[in-house]
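What the coordinates show
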Amino acid sequence: MYGITDLKNGTTFEVDGAPYIVLDYQHSKKGRSGAVMRTKIKNLLTGAIVQRTFSGNEKFPEVDIERRKVQYLYKDGASYYFMDVNSYEQFDMTSEDLGNNINYLKDGDTVGFQFYQNKPINLELPIKMDFEVTEASEGLKGDTASGATKMVVIETGLNVYVPLFIKQGDKIRVNTSDGSYVERAK
């Protein structure tokens, strides 16, 4: 069981029968009153983010989140299909379930997935991934007023701002948390 002092960033726990992860927290104690913990937590089943305040004597059960490696197979309509690399079981997720992560999925990629009570709940992508540039316009020399960047399209269809020297066919590294260009990949 967790107490309020155990609620740190990244801690998974159960509230009202649902698994949550702590995104942000602030501990507070004023005078003779009891300690409170103000938190921003995310429901791992629905994706809803809520702010909640807990008092000093509350206890929370730990949540068993299992992490497995899965392979992304293909997209069919609004469903994305994955396969567990150990058991070869297949499952699908909708684009609403995956959110912005669909912009970084390539057929055949192995990624991490979180499971709660043997049900897939959340895709875990690496922080940085490599992609091939499929469309790129020519950068104009001397066009540095806009920060010397241009927009290109990567193999998943995502638009990314990159420096002017990036050409079609180049491999680039992209930050998956915000979709920004990191560096040219080898």
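Residues numbered from 1 in each chain as written. Predicted model: local features only at pLDDT ≥ 70, side-chain atom pairs only at ≥ 80, totals over all residues. Heavy atoms only, no water.

Here we take up the layout of surface pockets. If you add up the space inside the largest pocket, you get close to 330 Å³. Lining the largest pocket are 14 residues, and of these Thr 46, Gly 47, Asp 97, Ile 121 and Asn 122 lie nearest its centre. Of all the elements in the fold, those that place two or more residues in the lining of the largest pocket are strand E3 (36–43), helix H1 (95–98) and strand E9 (119–124). Of the residues in the lining of the largest pocket, the class split is five nonpolar, six polar and three charged. Every residue lining the second largest pocket is listed: Asn 101, Asn 122, Leu 123, Glu 124, Leu 125, Ile 127, Thr 176 and Ser 177. Considered class by class, the residues forming the lining of the second largest pocket number three nonpolar, four polar and one charged. (1 Å grid on protein atoms, 1.4 Å probe; cavity = no way out; pocket = protein on both sides within 12 Å on 5 of 7 lines; lining within 4 Å. Points joined across faces, edges and corners; volume = space filled by probe spheres on them. Helix = DSSP H or I, 4+ residues; strand = E, 2+ residues; numbered from the N terminus. Nonpolar A, V, L, I, M, F, W, Y, C, P; charged D, E, K, R; others polar.)

Pairing between strand E10 (residues 128–136) and strand E11 (residues 149–154): three bridges, direction antiparallel. Residue Val 133 lies in a different strand from E11, and its bridge partner there is Ile 154. Note that E11 and strand E12 (residues 159–163) share five bridges and pair antiparallel. Among the inter-strand pairings, Met 151 is bridged to a residue of E12, identified as Tyr 161. (Pairing = 2+ DSSP bridges.)

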